[in-house]
Every structure is written in C-alpha cells, then in structure tokens.
Amino acid sequence: MRLVRSVSLSAINAGVVAMAVSYAGPLALVLGAADAAGLTAAQTTSWVWAVSIGAGLTCVGLSWWSRTPVITAFSTPGAAILVTALPQHDYAEAVGAFLCAGAAATALTATGVFARMLARIPEGVVSAMLAGTLFSFGTAIFTSMRAAPLLAGAMVVAYLLAKRLRPTYAVVCALAVGLAAAGAGGGLSLDVSGPGLAVPHFTAPHFSPGALIGIGVPLLVATLAGQYAPGMAVLRADGYRPDERVVCGTTGAVSTLLAPFGSHAVNPAAITAAICTGPEAHPDPARRWVAGVSCGVAYLAVGCFGSTLVALFTGLPDALVATLAGVALLGALSGSLARTVADEQNRDASVITFLATASGVTVAGIGSPFWGLLAGIIAHVLLKARRDRPGSARRAAAGHAPDAGQGPVGQEPVGREPYGGVPGEARTPEAAKGAAGAPPDRLADRAARD
C-alpha cells in the first residue's frame, strides 16, 4: 500500500531518463573496448547483460531497502580504461582482473578502509590519472570532425545548445541529432532481425600478474575514486544518508558475482543519480526512492535484450560513436582536469601523472593508467620528503622553499603569526619593523623555535 501511495509519474520518468542517459555515452565505451579486444558477439552481449542486470538489481534492491533513490551504473572511467588496457591481455585474464577488483572493492568499502586509503593519495593525482585516460576521448571529437565534419559538427552543436538549455538531456540530444544526420547521409546500417533475448556467456577467470596490475589496479582506483566517492556525495548533497558501507559493499559484491559474465564494475552513479535525487523527480524527498526502483526496472528490461542493443550500436558510424563518447565524457574530463590543477601543493605530481597516463605507454603488458598512477605517487612521496626535510624551516625563513604548513615564499606562514609572534596578537609597526630588521640568523632561530 505504501508503494502505491509513493508512486508518481515524475519519479518513474526520472528513473527511465537516468537509465537512458547511462547508456547514451558509456555504452559506446564498452563496445569500443570489446571491439578493440576482438571479443566475440556472444562475449560482448554477455558483457552488456551483466552490467545491466547488476545495475538493475542494485538499483531496485538498495532503493527499496533504504527508501532512498540509490542509482547505480556500470563504471564509465573503468570502461574508458579498458579501451586501451583490454587489448593487451587475454579476455579470460581480464575477467580474472574484474573479479579481483570487485572483491577488493567489496572488502575496502564494506569495512570502511577505502575512505582511509583514499585520504592518503592526493586527490589531484587520482584525478590526473582519470583525466589522462579520458584525454584521448576528448581529442577523438575533433578527429571525427576530420572524417565526418557534418555529422560530428552537428552533434557537438546540439550538445552545446542542450547543455545550455537542458543539461540533463545534452548527451541524449547529441545522440538524436547524430542518428538523424547519419540517417540522412545513408550512414546507418541497422539490422535487428536476428537478435533477441540476451544469453549470458560464462568465462572461466584466469589470473595473471600482468592483467591484475594492468587492468585490476587502475580499474579499482578509477572506480573507487571516480564513482564511489562522487556517487555518495550526490546523495549526501540532497540530504540522503544511506549506510555507505552497505551501498558500496553491495555493488562491489554484485560486480564480483557477475565478473565471469563480463561485468567490469557496478557502482553508485554520480551524474545520473542527480536526475533522481533532486526535486525534478518529486517535490517530496521521501517519495523519490521510486525513481531508483524505476531506473532499476528499466535496466533489467534493457539488459534482457542486450543483444538487440549491441546490434543497434554496432550499426552506427564510427564517427558517431566516437563523438558520442567524447561529448559524454566532457564533463568528467573537465572536472578531472580542474581537480588536477586545483591541488596546488601536489600539482607537480598530478601533472606527471596526467602526462604519463595520457602518453598511452605500455610496459611489460601493463597499460599507462597504472604507470601514471605509480609515477604520480612516487613524485608525491619524493616532493613531500623534500618539503618535510629537517632544516627546511631555517631555509624558509631565509627566503628559500617554504616548510610544510607555511605559505608560498614571501608570504606569512599559514595559521601562525610571522617571525614567532603569538597568533591573534596585534603587532605594532615598531615590532614589525624590529622583526624586519632582525639579522637572518635571529630570524632562523625564531622559526626553528616555532
């Protein structure tokens, strides 16, 4: 009876729209990764089925349990990483990496260890790894314009106009315009006469160090930092407080169970979640959980016909798919770049991470996302060790690099009165003049005392 009273057309519509937006761009990444790795049609269909069923079950179950619009999706950053990393390994080894990443995500989130671990890695370094991974998708927009200028140009213009007027539907509008332009130019070759219900395809996982390091580690870090944390932040921003360990632990467990069928990662959604958590879904926050259930049911329906969905997308022009993926990831790319340079203290390490990841270098069968993250962490540790080196306070007072906890050279130390003054104590011009005229060794003694 409570469900009947809570149901509203606006909440159901918000859930369906969230599902459509989830597929509009990210599915192109999944199919791009599958095509680059040479997967069979059965394996690709099973992959789409697994992530759809996983997202559907977690949406329905968690929203019903918590009476909160918990929206889940398959990992977009993870799919982007797989476009370059998956072709470097055997598919069975990739499935083993999916399984290990899912198990690790479950353990880290369900126990609360993830939050403590994430605090140790600078946000700028993690964001730089994601930005480097997404960089090639952004540039693909303009390479597509060279191959199909009218198609790609029309999609970009439609995306920008919709972004200004109706940001939620920007990617959907780009897809609609792209389909219309491709159809007008005779570029569509859609044939759905054969496909029907999706059939799951089980792949026995193989475990190899190269795949675990090259796929598992970047997938785990990108999914946790790029999806789990923002996804829960969206819920908290709209006043919802579900048990984070239950929500994240459940999605990790479902990812693990469905990994042999191709699921790379199922996680709390961030962008599409905002469609269902705001007042557009329903004026009453207590009734928006129906949007989560609606989104989950839509996921399950689409997943059951995953083979038809794959057939539709594989008939699209390459330029349309590349442009669609690019505009769908523009928001994630711009946000990652902003966080990369916003962390001023760790900016050098973040830039190193971005460059190493964007280079696309592969060493020992391990892709660039891992090497970028490793390079950034090493740079962070070395630069932090230099800042924390004994005697840095003396050099800072003499006009050299600032010590940890101090501002940039030439500025006053953060959180304390300069030159050993008492915090909050008013300083007379005479006292300031005396401190300014004190010899360097005396200044160093005061700084050391502080």
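To be clear, the structure that these remarks concern was listed above.
Residues numbered from 1 in each chain as written. Predicted model: local features only at pLDDT ≥ 70, side-chain atom pairs only at ≥ 80, totals over all residues. Heavy atoms only, no water.

**Student:** Tell me about the overall build of the protein chain, and name the residues and values.
**Tutor:** Scanning the protein chain for helices and strands turns up 22 helices and 2 strands. Residues classed as buried in the protein chain amount to 49% of the 450 residues present. Within the protein chain, contacts between residues at least 6 apart in sequence are counted, and of these 78% link residues at least 24 apart. (Helix = DSSP H or I, 4+ residues; strand = E, 2+ residues; numbered from the N terminus. Buried < 20%, exposed > 50% of the residue type's maximum accessible area, 1.4 Å probe, protein only. Contact = heavy atoms within 4.5 Å.)

**Student:** Any chance you could break down unusual backbone geometry for me, citing the residues and the numbers?
**Tutor:** For R67, which is not a glycine, the phi torsion comes out positive at approximately 50°. Looking at the secondary structure, you find R67 in the loop between α4 (41–66) and β1 (72–74). A residue is classified by how much of its surface remains accessible, and R67, at 24% relative accessible area, is partly exposed.

**Student:** An account of the pattern of salt bridges is requested, with residue identities and associated values reported.
**Tutor:** Overall, the coordinates contain 1 salt bridge when judged by the stated rule. Among the salt bridges present, the one from D243 reaches R245, with a minimum N-O distance of 3.8 Å. Since its relative accessible area comes to 48%, R245 is described here as partly exposed. (Salt bridge = Lys/Arg side-chain N within 4 Å of Asp/Glu carboxyl O.)

**Student:** Could you give an account of the nonpolar core, with specific residues and numbers?
**Tutor:** Among the nonpolar cores identified, the biggest contains 84 residues, and W47, L86, I215 and Y299 are the most heavily contacted of them. With 12 residues, the top contributor of residues to this core is helix α11 (residues 209–237). Each residue touching I215, except ones within four places of it in the same chain, is listed here: L82, A85, L86, H89, A94, A97, F98 and G210. (Core = buried A, V, L, I, M, F, W, Y, C linked by side-chain atoms within 4.5 Å.)

**Student:** Could you give an account of helix α12 (residues 244–258), naming the residues involved and the relevant values?
**Tutor:** Helix length check: α12, at 15 residues, gives a terminal C-alpha distance of 21 Å against a target of 21 Å (1.5 Å per residue), a fit within 8%. Of the residues that open α12, the one with a side-chain oxygen 3.0 Å from the backbone nitrogen of R245 is D243. (Expected span 1.5 Å × (residues − 1). Polar contact = N/O pair within 3.5 Å; in protein donor to acceptor, adjacent residues only side chain to side chain.)

**Student:** Go over the packing of aromatic side chains, please, and point to the residues and values.
**Tutor:** One pass over the structure, following the stated rule, counts 5 aromatic pairs. Ring geometry for F202 versus F261: centroids 5.7 Å apart, planes at 70°, classification edge-to-face. Of the two residues, F202 is situated in the loop between α10 (170–184) and α11 and F261 in the loop between α12 and β2 (266–268); the sequence distance between them amounts to 59 residues. Pairwise contacts between aromatic rings join W49, F202 and F261 into one cluster. Geometry around W64 places R67 over its ring, the cationic atom sitting 4.9 Å from the centre. (Phe/Tyr/Trp six-rings, centres within 6.5 Å; stacked < 30°, edge-to-face > 60°. Lys NZ or Arg CZ within 6 Å of the ring centre and 35° of its normal.)

**Student:** Could you give me a rundown of helix α3 (residues 26–37), with the residues and numbers involved?
**Tutor:** Over its 12 residues, α3 extends 17 Å from the first C-alpha to the last, a length consistent with the 16 Å expected when each residue adds 1.5 Å. All of the buried residues in α3 are P26, L27, A28, L29, V30, L31, A33 and A34. Backbone geometry just downstream of α3 places G38 in the positive-phi region, at approximately 70°.

**Student:** Can you explain a nonpolar patch on the surface? Please cite residues and give values.
**Tutor:** On the surface, L374, I378 and L382 cluster together to form a nonpolar patch covering roughly 260 Å² of accessible area. Relative to the helices and strands, L374 resides in helix α19 (residues 368–387). Exposure remark for L374: the relative accessible area of 32% places this residue in the partly exposed category. (Patch = residues over 30% accessible without salt bridge, like charges linked within 9 Å, V, L, I, M, F, W, Y side chains within 5 Å. Areas by Shrake-Rupley, 256 points an atom, 1.4 Å probe, with all protein chains shown as cover.)

**Student:** Can you explain the packing of helix α5 (residues 76–85) against helix α8 (residues 123–147)? Please cite residues and give values.
**Tutor:** Closest axis-to-axis distance for the α5/α8 pair is 10 Å, and the angle between their directions is 65°. Judged by the inter-axis angle, α5 sits roughly perpendicular to α8. Crossing geometry of α5 relative to α8 is assigned as left-handed. Contacts between α5 and α8 involve P77, A80, I81 and V83 on the former and, on the latter, L130, T133, L134 and F137. (Axes fitted to C-alpha atoms, helices over the stretch in contact; angles between N-to-C directions. Parallel < 35°, antiparallel > 145°, perpendicular 65-115°, else oblique. Left-handed = near helix turned anticlockwise from the far one by under 90°.)

**Student:** I'd like a description of the environment of H206, backed by residues and values.
**Tutor:** As for its placement among the helices and strands, H206 is situated in the loop between α10 and α11. Along the chain, H206 and A94 lie 112 residues apart, while their C-alpha atoms are 7.8 Å from each other. The contact partners of H206, leaving out residues within four places of it in the chain, are A92, E93 and G96.

**Student:** Tell me about the packing of α4 against α12, and please be specific about residues and values.
**Tutor:** Relative to each other, α4 and α12 sit at 150°, their axes nearing to 10 Å. With respect to α12, the element α4 is oriented roughly antiparallel. At the point where α4 passes α12, the crossing takes the right-handed sense. Residues W49, A50, I53, G54, T58, L62 and W65 of α4 pack against V246, V247, T250, T251, V254 and L258 of α12.

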